[in-house]
Amino acid sequence: MKFQFKTGLLAFALLGSTALGAVNAQAADKEINWIYCGDSIDPIHVKYIKQWEDKNPGWAVKPEVVGWEQCQDKATTLAAAGTPVAMAYVGSRTLKQFAENDLIVPIPMTDEEKKSYYPNIVDTVTSDGQQWGVPIAFSTKALYWNKDLFKQAGLDPEKPPTTWAEEIADAKVIKEKTGIPGYGLSAKTFDNTMHQFLHWVYTNNGKVIDGDKIVLDSPEVLAALQAYKDITPYSVEGATAYEQNEMRAIFLDGKVGMLQAGSGAAYRLKDTKINWGVAPLPLGPSAKGQGTLLITDSLAVFKGTGVEDKAIEFAKFITSPGPQAEYELQGGAGLTPLRPSPLVDEFEKKDPFWKPFIDGISYGGPEPLFKDYKGFQNVMIEMVQSVVTGKAQPADALQKAAVDLEQYK
């Protein structure tokens, strides 16, 4: 299964048909129905579903495979209609909205469970002091650079930028010396336009919301938006026409100097002739350490099925260190490990490019949780687009966005 974050995960209407994927057809007294996003069930999950069923006689886990674009929509529609499934794969960004509508149950974590994750991971599923999902997939970003383009531009091909100022300067030199865009900035009307910008926010010690207080209009976030404006002239022309995977394709074709992307890009680059490197995301002037946006998808347990406790038990089992590490360390799917472990250490030794994706976690920040996530996302995209197209100055765009977000928190 390819891990990806799609806009369909954010919509709240049923959009299409589904396909049923039954893992174990044996008769059972009780079932845990699981809406499983993707095209097919990962064989590792098949393996551990059977293991759990063997240890829990009379219970069966019934995954229903639903495409990415319809997955969360179906879970939402069924829950709102009073016929919820026991459990569903959802974007953690929507947990607060589910909780506010009384559709899901809390999934409390012990202190030991919380400590098993990398720092700040649990924050991605926490609202009002409670955990509302169990993380099952996680991604971070790092900076990729084309060493050959650096060399053609007269830059040191073994020295990637470490600060925003260096990143903007390098992008400028590449564009002016080679005629090829120095940076791949994506600003399409798409969810990852907001994600891409939040990576800059979290590499400058910024925040969008603190508790219930909107703190978007801050010096740290203003600096990030100003940096976006400053690097736009040296980026791919017409940034609003591209989302991050489309921009990644341009980088894979050797037509852009630098790009922030997930670990999946590294596996794709291995199949190209590009001489590339990967490094931590460059830092803003207020950064306290390596940062990145922490994006998780989670298992949410829905209210009113009568099997909530058993569904929580299974959700914690399938995402426990053993099964989870086996699932996320397959490589190529773009997943960052959720927990540190000797297995992760060995994985990093085998593929050293993994280090920047893990190093950014310590000072990373979660996707902000809003009661209306779609409204929040649209405000952020509009803000970014207004700046990169020159329709608004960063300070004005930021002030407007901060006011607009009040209605969605």
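Note: the structure precedes this text.
For the structure given in this document, a descriptive report is provided here. (Residues numbered from 1 in each chain as written. Predicted model: local features only at pLDDT ≥ 70, side-chain atom pairs only at ≥ 80, totals over all residues. Heavy atoms only, no water.)

The residue Lys-316 is located in helix H11 (residues 308–318) in this model. The exposure class of Lys-316 is partly exposed, given its relative accessible area of 24%. On a C-alpha basis, the gap between Lys-316 and Ile-107 in space is 9.1 Å, while along the polypeptide they are 209 residues apart. With sequence-adjacent residues up to four places away left out, Lys-316 is seen in contact with Ile-107, Pro-108, Met-109, Glu-113 and Val-134. A polar contact is formed between the side chain of Lys-316 and the backbone oxygen of Pro-108, at a distance of 2.6 Å. (Helix = DSSP H or I, 4+ residues; strand = E, 2+ residues; numbered from the N terminus. Buried < 20%, exposed > 50% of the residue type's maximum accessible area, 1.4 Å probe, protein only. Contact = heavy atoms within 4.5 Å. Polar contact = N/O pair within 3.5 Å; in protein donor to acceptor, adjacent residues only side chain to side chain.)

On to unusual backbone geometry, then. For Asn-120, which is not glycine, the phi torsion reads 75° and is therefore positive. Looking at the secondary structure, you find Asn-120 in the loop between helix H4 (111–116) and strand S4 (126–127). Positive phi, normally seen in glycine, also occurs at Asn-205, with a value near 60°. Summarising the element assignment, Asn-205 is placed in the loop between helix H7 (191–202) and strand S8 (209–210). For Asn-205, a relative accessible area of 40% gives the class partly exposed.

Relative to the assigned elements, Lys-303 resides in the loop between strand S12 (293–301) and H11. Between the C-alpha atoms of Lys-303 and Glu-167, which are 136 residues apart in sequence, the distance is 48 Å. A polar atom in the side chain of Lys-303 sits 2.8 Å from the side chain of Asp-102.

Read from one edge of the open sheet, three strands run S10-S7-S11, paired in antiparallel fashion. Taken across any chain shown, the strands that pair with only one partner, and hence form the sheet edges, are strand S10 (258–261) and strand S11 (276–279). Across the sheet, the axes of successive neighbouring strands diverge by a mean angle of 25°, strand direction being ignored. Of the pairings in the sheet, the one linking strand S7 (residues 142–146) to S11 comprises four bridges and is antiparallel in character. Each residue of the ladder has a partner; that of Tyr-144, found in S11, is Val-278. Against the sheet, helix H9 (residues 244–252) contacts S7 and S10, and its axis sits at roughly 135° relative to S10. (Pairing = 2+ DSSP bridges. Axes fitted to C-alpha atoms, helices over the stretch in contact; angles between N-to-C directions.)

Trp-34, Tyr-144, Phe-302 and Phe-314 are the most contacted members of the largest nonpolar core, which has 82 residues in total. Element by element, the count of residues in this core is highest for H11, at six residues. Once you skip the residues sitting within four places of it in the chain, Phe-302 turns out to touch Ala-75, Ala-79, Pro-84, Val-85, Ala-86, Met-87, Ala-88, Phe-98, Leu-103, Ile-104 and Glu-308. Ranked by size, the runner-up nonpolar core spans 52 residues in total, among them Val-221, Ile-295, Ala-397 and Leu-398. (Core = buried A, V, L, I, M, F, W, Y, C linked by side-chain atoms within 4.5 Å.)

The next thing to look at is the pairing of strand S2 (residues 59–66). Burial runs high along S2: eight of the eight residues are buried. Residues Trp-59, Val-61, Pro-63 and Val-65 point to one face of S2 and Ala-60, Lys-62, Glu-64 and Val-66 to the other, with burial holding for every one of them. One ladder, built from eight bridges, connects strand S1 (residues 30–37) with S2; its direction is parallel. Looking at the pairing, Lys-30 lines up with Trp-59 of S2. Between S1 and its parallel partner S2, the chain crosses via helix H1 (residues 43–55), and the hand of that crossover is right-handed. (Right-handed = clockwise from strand over helix to strand, strands pointing away.)

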